[in-house]
Amino acid sequence: MSLTLKPLENFHSRSGPVLLVIMDGIGLGKPSEGNAVYKAKTPVLDELFKMPLYTELQAHGTAVGLPSDDDMGNSEVGHNALGAGRVFSQGAKRVNEAIADGSIFQTEVWKSLVRRCTEGKGTFHFIGLLSDGNVHSHIDHLIALLRHAAKEGVKRARIHTLLDGRDVPEKSALIYIDKLEGVLKELKAQGFDYRIASGGGRMVTTMDRYFADWNIVKRGWDAHVLGKGRMFSSAREAVETYYAEDPKITDQYLPSFVVAENGKPVGTIEDGDSVVLFNFRGDRAIEISMAFEYKDFDKFDRERYPEVMFAGMMQYDGDLKLPSNFLVQPPVITRTVSEYMCAAGIKSFAISETQKFGHVTYFWNGNRSGYIDEKLETYIEIPSDKIQFDKAPAMKANEITEKTIELLRTGEYKFGRLNFANGDMVGHTGVMEAAIEAVETVDRCVGQLLDEVKKMNGIVVVTADHGNADEMFTEKNGKREVKTAHTLNKVPFIIVDYGYQNEYHIRSLPKAGLSNVAATLLNLLGYKKPEDYDPSLIEF
Ligand SMILES: O=C(O)[C@@H](CO)OP(=O)(O)O
Ligand SMILES: [Mn+2]
Ligand SMILES: [Mn+2]
């Protein structure tokens, strides 16, 4: 299909730019004590929510390509839908299907991984996030792989469990560990030697993203591969000990651990082994994949680089082709809105801080990390602090705002997109006061951007990729339970058009969602939507 855009007949875009503001994790929850978006003082958003060009979008479940409407939204599926203008079946769903129909076990990659452990002497290792959050992984996928490996005669397997507490309740690790241990016990009774060998909280072990902090990956490498870390007799003992030593600690921050017997780690990764990273989502899987895949690697000292076959649940980066071996084909996201914009010669920028930088570039562009056209695009990353963000809820929102204003003032760009991380990253800490401050910061920054674009006679589009700060705790039988995860709530969508003369209005779509935004942006830039894009949110 061609990438040529047709101009809209009766609409001329404004003389100023179109700026898309993605307020990560700022959804529309019920007005309640646990809703930081509601509790925050947000004069700017309050005005926006009353504007005529306002609507609400689905940002979770089937509307963004997830298996069911019980699945909360997340940044990957949200930004994929925003940037591609269509909904693709996402990793969670594709892996379910590949396991259900058995096709995953027919792949050459799976067969080779198994062969090394049946015909060869290898151990089969599984690394990944141990929960049913369904954002990065699902424990049921791991269990299916383990059972199948056993069925195919793999005698020895080791599991390296990253503990969640971010997509699931904040201290729920033992539920998943016990569930997994139950399966391992069953397999043991059948003569299989399958054990948990190492692990750690996901925010401090292995799952860094966008090169924010390689120490996190090193900690994982040390525990999973080298067997270096604090030793315990079981994963359960590790978690219980860490809980007892610091009653405030939550799963995502639990230090790394190694399971050992007689002072010796039970499952280091050695020459001849097979390794599967069972996370399906890419951002937090890329760095550890690099450590396994790249012969030349200088991000930290690996000490030992075992000869293993490494495979991802999916290929995590379509530009880097990383990793080269994977079990399930990722969604093939083609003809993203940026490709159309580049083909039309539209100059654009994308900006965020490290924690969300890849969201507006890599996820937005269909999980490709490179530029589409470097001559037309500018990508700006403001370095994020390396701290827990409840300690600094403003994060880099002010710096992003300042830099965006500078980019706008050059007059060079017809389109810009940015992500404010605050509502999400602070929302994930579960700290209410901090989340309120986060939302208030975003509100102020949106206000500054509106003032600027107004002077330029442009258009600002404000939305979010999914909820988070809109539900900081739930109440059950009068008891508050902290909620660090994303929500199932809708997100706001507002067009602030400083040249508006009633040329268009919001179209009423029965199930408007994030995938309707790309066509809308193209309309606002003066173009018709590509035929197979989901409908625009406005009609003329
Ligand atoms: O931090 C992350 O990895 C996810 C939650 O698991 O959040 P987001 O989808 O907003 O990036
Ligand atoms: Mn997000
Ligand atoms: Mn998040």
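Cut-offs applied
Residues numbered from 1 in each chain as written. Chains lettered and ligands numbered in written order. Predicted model: local features only at pLDDT ≥ 70, side-chain atom pairs only at ≥ 80, totals over all residues. Heavy atoms only, no water. Donors = N, O, S within 2.8 Å, 3.2 Å for Na, K, Ca; no water. Tetrahedral: all angles 85-135°; square planar, octahedral: opposite > 155°, others 65-115°. Helix = DSSP H or I, 4+ residues; strand = E, 2+ residues; numbered from the N terminus. Buried < 20%, exposed > 50% of the residue type's maximum accessible area, 1.4 Å probe, protein only. Contact = heavy atoms within 4.5 Å. UniProt positions renumbered as here; feature names shortened; annotations may be inferred. Polar contact = N/O pair within 3.5 Å; in protein donor to acceptor, adjacent residues only side chain to side chain. Phe/Tyr/Trp six-rings, centres within 6.5 Å; stacked < 30°, edge-to-face > 60°. Near = heavy atom within 4 Å. Nonpolar A, V, L, I, M, F, W, Y, C, P; charged D, E, K, R; others polar. Domains from an automatic or database assignment. Buried area = accessible area lost by both parts, 1.4 Å probe. Salt bridge = Lys/Arg side-chain N within 4 Å of Asp/Glu carboxyl O. Axes fitted to C-alpha atoms, helices over the stretch in contact; angles between N-to-C directions. Parallel < 35°, antiparallel > 145°, perpendicular 65-115°, else oblique. Left-handed = near helix turned anticlockwise from the far one by under 90°.

Participant: Would you explain the coordination of the manganese ion (ligand 3) in this entry?
Facilitator: In a perfect tetrahedron of four donors around a metal, the angles come out at 109.5 degrees. In a perfect octahedron of six, they are 90 or 180 degrees. At this site the manganese ion (ligand 3) is bound by Asp424 (OD), Asp424 (OD), His428 (NE2) and His486 (NE2), with donor distances of 2.1 to 2.4 Å. Around the manganese ion (ligand 3), the 6 donor atoms sit at angles spanning 57 to 166°, and that spread fits a shape best called irregular. Positions of the donor residues of the manganese ion (ligand 3), expressed as sequence spacing, correspond to D-x3-H-x57-H. Between the manganese ion (ligand 3) and the manganese ion (ligand 2) the interatomic distance amounts to 4.5 Å. Highlighted residues: His428 in the loop between helix H14 (422-427) and helix H15 (432-455) and His486 in the loop between strand S17 (479-482) and strand S18 (491-497), separated in sequence by 58 residues. The class of His428 is buried, set by a relative accessible area of 3%. Assessed through its relative accessible area of 5%, His486 is described here as buried.

Participant: What's the story with helix H8 (residues 214-226) in this structure? I'm lost.
Facilitator: In an α-helix, one turn spans 3.6 residues; hence positions three or four apart end up facing the same way. Summarising burial for H8: 10 of the 13 residues are buried, a large majority. Taken residue by residue, H8 has Trp214, Ile216, Val217, Gly220, Trp221, Asp222, Ala223, His224, Val225 and Leu226 as its buried positions. Contacts from the buried residues of H8 go to strand S3 (124-129), strand S4 (156-163), strand S5 (193-201), strand S7 (257-261) and helix H10 (286-293). Within two residues after H8, Gly227 carries a phi angle of roughly 70°, on the positive side.

Participant: Whenever I open this one, the UniProt feature "binding site: Mn(2+) 1" (unreviewed entry) in the protein confuses me. Can you help?
Facilitator: UniProt annotation of "binding site: Mn(2+) 1" (unreviewed entry) refers to Asp424, His428 and His486 when read in the numbering used here. These annotated residues cover 63 residues of sequence, and their C-alpha atoms all fall within 7.9 Å of one another, placing them together at a single site. On the secondary structure map, Asp424 appears in helix H14. With residues up to four places along the chain from it excluded, the contact list for Asp424 reads Asp24, Gly25, Lys356, His466, Asn468 and His486. A polar contact is formed between the side chain of His486 and the backbone oxygen of Gly73, at a distance of 2.8 Å.

Participant: I'm lost on the packing of aromatic side chains in this one. Help?
Facilitator: Describing an aromatic ring pair means giving the distance of the ring centres and the angle of the ring planes. A full pass over the atoms with the stated rule returns 23 aromatic pairs. Here Tyr210 and Tyr362 contribute two aromatic rings whose centre-to-centre distance is 6.5 Å and whose plane-to-plane angle is 75°, an arrangement assigned as edge-to-face. Taken together, the residues span a long stretch of sequence, with Tyr210 in the loop between S5 and H8 and Tyr362 in helix H12 (residues 354-363) at a distance of 152 residues. In terms of burial, Tyr210 and Tyr362 fall into one category: buried. Each ring, one from Phe211 and one from Trp214, has its centre 5.8 Å from the other, and the planes form 15°; the classification is stacked.

Participant: Looking at this structure, how should I read the coordination of the manganese ion (ligand 2)?
Facilitator: Within the protein, the manganese ion (ligand 2) binds to Asp24 (OD), Ser75 (OG), Asp465 (OD) and His466 (NE2); these donor distances fall in the range 1.9 to 2.1 Å. In terms of primary sequence, the donors binding the manganese ion (ligand 2) are separated according to D-x50-S-x389-D-H. Given the relative accessible area of 0%, Asp24 is considered buried. Relative accessible area serves as the criterion here: at 0%, His466 is assigned to the buried category.

Participant: Sorry, what's going on with the site of ligand 1 here?
Facilitator: Of all residues adjacent to ligand 1, which total 17 residues, the nearest are Ser75, His136, Asp167, Arg281 and Arg284. Asp167 places a polar side-chain atom, nitrogen or oxygen, 2.6 Å from an oxygen atom of ligand 1. Contact distances for ligand 1 include 3.1 Å between an oxygen atom and a side-chain N or O atom of Lys356. Along the lines of polarity and charge, the residues of the shell around ligand 1 split into 1 nonpolar, 7 polar and 9 charged. Counting contributing residues, the shell around ligand 1 receives three or more from each of domain 1 (18-90 + 332-539) and domain 2 (92-328).

Participant: Could you clarify how one ought to interpret the domain arrangement of the protein in this entry?
Facilitator: As a measure of interface size, the accessible area lost when the parts come together is often cited. Entries for the protein in the domain assignment read domain 1 (18-90 + 332-539) and domain 2 (92-328). Its C-alpha centre places domain 1 at a distance of 32 Å from the equivalent point of domain 2. Counting from both sides, the interface comprises 31 residues of domain 1 and, opposite them, 28 residues of domain 2. With both chains or domains summed, domain 1 and domain 2 bury close to 2,500 Å², and 48% of this area falls on carbon and sulfur atoms. Linking domain 1 with domain 2 are 0 salt bridges. For the interface between domain 1 and domain 2, the tally reads 15 residue pairs in polar contact (both at pLDDT 80 or more). The set of elements that each furnish at least two residues to the side of domain 1 that touches domain 2 consists of helix H3 (75-84) and H12. Examining the composition of the side of domain 1 that touches domain 2, we find that 8 residues originate from one element, H12, more than from any other. The residue makeup of the side of domain 1 that touches domain 2, split by class, is 9 nonpolar, 16 polar and 6 charged.

Participant: What am I meant to see in the packing of helix H7 (residues 173-189) against helix H9 (residues 235-245) here?
Facilitator: Following both chains from N to C, one finds H7 and H9 inclined at 165°, their axes separated by 10 Å at the closest point. It follows from the interaxial angle that H7 and H9 lie roughly antiparallel. Of the two possible hands of crossing, H7 and H9 adopt the one that is left-handed. Where H7 approaches H9, its residues Ala173, Leu174, Ile177 and Asp178 are matched on the opposing element by Ala235, Arg236, Val239, Glu240 and Tyr243. For the contact of H7 with H9, the per-class residue count stands at 6 nonpolar, no polar and 3 charged.

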